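Overview (structure and organization)
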Amino acid sequence: VHDGAGDYQYRLFKGDMNVDEFKHIVLEHDLPHALENNQLRVYYQPQIDNTTGTICGLEALIRWEHPTLGLVSPGEFLPVAEANGLITAIGQWVLQTACQQVKIWQQQGGYPIHVSVNFSALQFQQDNLADAVQQVLDTTGLEPACLRVEITESAMMTNLEQTADTLKQLQSRGIQLAVDDFGMYYSSLQYLKHFPLDLIKIDRSFIKDMHNQHKDQEIVKTIIELGHRLGLKVCAEGVEYEEQFTLLKDFGCDEAQGFLFSKPMPPEEIEQLLHTTPWMKD
Ligand code: C2E
Ligand code: MG
Ligand code: MG
Ligand code: MG
């Protein structure tokens, strides 16, 4: 299947390379062709409005359907895309695909949903990012308020000035801005002060054991209060158990996302879910 297969095998036999190193070399070699060979997929995971219990948005999460390795997760191939610069093209493709798809669902069923798209640090460094995003909104017809850009704390902390500038441009166009994996990295509170944000996503590591860890509960409660005091909404990621969801609602958390509600799924399955979800009439 791979034109370079002989090459990999030669290197595998030659050195004392382990399976992970071997896989990494295959991914590096094949990624430049993944987009043109139509092997990338966007999966979607529902985000729940905690007050209504219904779907308020979908997070777009990329997958690579590799011809021999099967479904490859973003954690495995995005670092490769960051290293070789393909992340910009891939990110743009995810944005275009997700906005187009969610616009179609909005039109088909009148679902009041937004789409959350992840942006990597490097992607955020590109010039005229706000214009590139605006162009996608123009071509797909998606409302700016229905797009939520998710960036991790560490990505925000890279090149502070340019990031602040881009965020301001995005916000002035009405796009929602979210900090992803809050509490995971630097936890610098500086950017909360300087950046125009709409939402904080509490990192899964605090949610994972919160139903039986007192400290996690206190941290989660405090992050929610901090967010609210700054006028931000708060979403909890990685919610797997009913007990966690109950506590989060008690603490006033606005949104939740996790396997308790749904795993990330391909568009066909999400469409089924949207059709069978009881929507509030308002
Ligand atoms: P993230 O943005 O924090 O996305 C949430 C991750 O947690 C997803 O992993 C999702 O499948 C997983 N998850 C959701 N609910 C649960 C749960 O209840 N339990 C557990 N154990 N996991 C849960 P995934 O899809 O493997 O994505 C990993 C990361 O890759 C994402 O983390 C995001 O940082 C990045 N990523 C994914 N798609 C894109 C993309 O299109 N562009 C960029 N730049 N990054 C992306
Ligand atoms: Mg995210
Ligand atoms: Mg996250
Ligand atoms: Mg995460």
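Before reading further, recall that the structure is shown in the block above.
Just so you know, these numbers come straight off a predicted model, no measurement behind them.

Attention now goes to the site of ligand 1. Around ligand 1, the structure places 22 residues, and the nearest of them are R63, D180, R204, E240 and F259. In this structure, an oxygen atom belonging to ligand 1 sits 2.9 Å away from a side-chain N or O atom of N118. Within the contact set of ligand 1, an oxygen atom lies 2.8 Å away from a side-chain nitrogen or oxygen of D180. Starting from 800 Å² of accessible surface for ligand 1 in isolation, the protein chains cover 81%. Broken down by secondary-structure element, the contributors of at least two residues to the shell around ligand 1 are strand 2 (54-66), helix 3 (74-84) and strand 6 (176-182). Partitioning the shell around ligand 1 into residue classes produces 9 nonpolar, 6 polar and 7 charged.

Surrounding the magnesium ion (ligand 3) are the protein donor atoms D180 (OD), D181 (OD) and E237 (OE), at 1.9 to 2.3 Å. Each donor residue of the magnesium ion (ligand 3) lies on one chain, and together they are spaced D-D-x55-E.

Among the structural elements, Q176 can be located in strand 6. Engagement of the side chain of Q176 in a polar contact is seen with the side chain of R148, the distance being 3.0 Å. Those residues in contact with Q176, other than ones at most four positions away along the chain, are H114, P144, A145, L147, R148, V149 and D198.

The subject of this paragraph is the pairing of strand 8 (residues 233-237). The buried fraction of strand 8 is high, at 4 of 5 residues. Pairing of strand 7 (residues 199-202) with strand 8, which is carried by 4 bridges, proceeds in the parallel orientation. Considered in strand 8, the bridge of I202 is made with A236. Pairing between strand 8 and strand 9 (residues 255-257): 3 bridges, direction parallel. Residue E237 lies in a different strand from strand 9, and its bridge partner there is Q257. With helix 12 (residues 242-250) bridging strand 8 and its parallel neighbour strand 9, the resulting β-α-β unit is right-handed.

Okay, the side chain of E59 next. The residue E59 is located in strand 2 in this model. For E59, the side chain forms a polar contact with the side chain of N118, separated by 2.8 Å. Of the polar contacts made by the side chain of E59, one reaches the side chain of Q257; its length is 2.6 Å. When residues no more than four places from it in sequence are discounted, the contact partners of E59 are Y43, Y44, Q45, Q47, S116, N118, E150, D180, K201 and Q257.

Two numbers describe a pair of aromatic rings. These are the distance of the centres and the angle of the planes. Overall, the coordinates contain 5 aromatic pairs when judged by the stated rule. Considering the side-chain rings of W64 and F77, the 5.5 Å spacing of their centres and the 75° angle between planes classify their relative orientation as edge-to-face. With W64 in strand 2 and F77 in helix 3, the pair connects residues that are 13 residues apart, well separated along the chain. Residue class for W64 comes out buried when judged on its relative accessible area of 0%. Note on F77: relative accessible area 0%, which makes it buried. Look at F245 and F261: their rings are 4.9 Å apart centre to centre, the planes differ by 80°, and that puts the pair in the edge-to-face class. With F245 in helix 12 and F261 in the loop between strand 9 and helix 13 (267-276), this residue pair connects regions lying 16 residues apart in the sequence. With relative accessibility at 7%, the residue F245 sits in the buried group. For F261, a relative accessible area of 25% corresponds to the partly exposed category. In this structure, R63 packs its charged tip against the face of Y43, placed 5.4 Å from the ring centre. Residue placement shows K263 over the ring face of F259; its charged tip is 5.2 Å from the ring centre.

So, on to the pattern of salt bridges. A full pass over the atoms with the stated rule returns 9 salt bridges. With a shortest N-O distance of 3.0 Å, R148 and E255 are connected by a salt bridge. Of this pair, R148 sits in strand 5 (residues 147-152) while E255 sits in strand 9, placing them 107 residues apart in sequence. This pair shows no difference in class: R148 is buried, exactly as E255 is. Here E150 makes a salt bridge to K201, at a shortest N to O gap of 2.9 Å. Placement of E150 in strand 5 and of K201 in strand 7 is noted, with a sequence separation of 51 residues between them. We note that E150, like K201, is buried. Among the charged side chains, a network of salt bridges with common partners joins E59, E150 and K201.

Rules used throughout
- Residues numbered from 1 in each chain as written.
- Chains lettered and ligands numbered in written order.
- Predicted model: local features only at pLDDT ≥ 70, side-chain atom pairs only at ≥ 80, totals over all residues.
- Heavy atoms only, no water.
- Near = heavy atom within 4 Å.
- Polar contact = N/O pair within 3.5 Å; in protein donor to acceptor, adjacent residues only side chain to side chain.
- Areas by Shrake-Rupley, 256 points an atom, 1.4 Å probe, with all protein chains shown as cover.
- Helix = DSSP H or I, 4+ residues; strand = E, 2+ residues; numbered from the N terminus.
- Nonpolar A, V, L, I, M, F, W, Y, C, P; charged D, E, K, R; others polar.
- Donors = N, O, S within 2.8 Å, 3.2 Å for Na, K, Ca; no water.
- Contact = heavy atoms within 4.5 Å.
- Buried < 20%, exposed > 50% of the residue type's maximum accessible area, 1.4 Å probe, protein only.
- Pairing = 2+ DSSP bridges.
- Right-handed = clockwise from strand over helix to strand, strands pointing away.
- Phe/Tyr/Trp six-rings, centres within 6.5 Å; stacked < 30°, edge-to-face > 60°.
- Lys NZ or Arg CZ within 6 Å of the ring centre and 35° of its normal.
- Salt bridge = Lys/Arg side-chain N within 4 Å of Asp/Glu carboxyl O.

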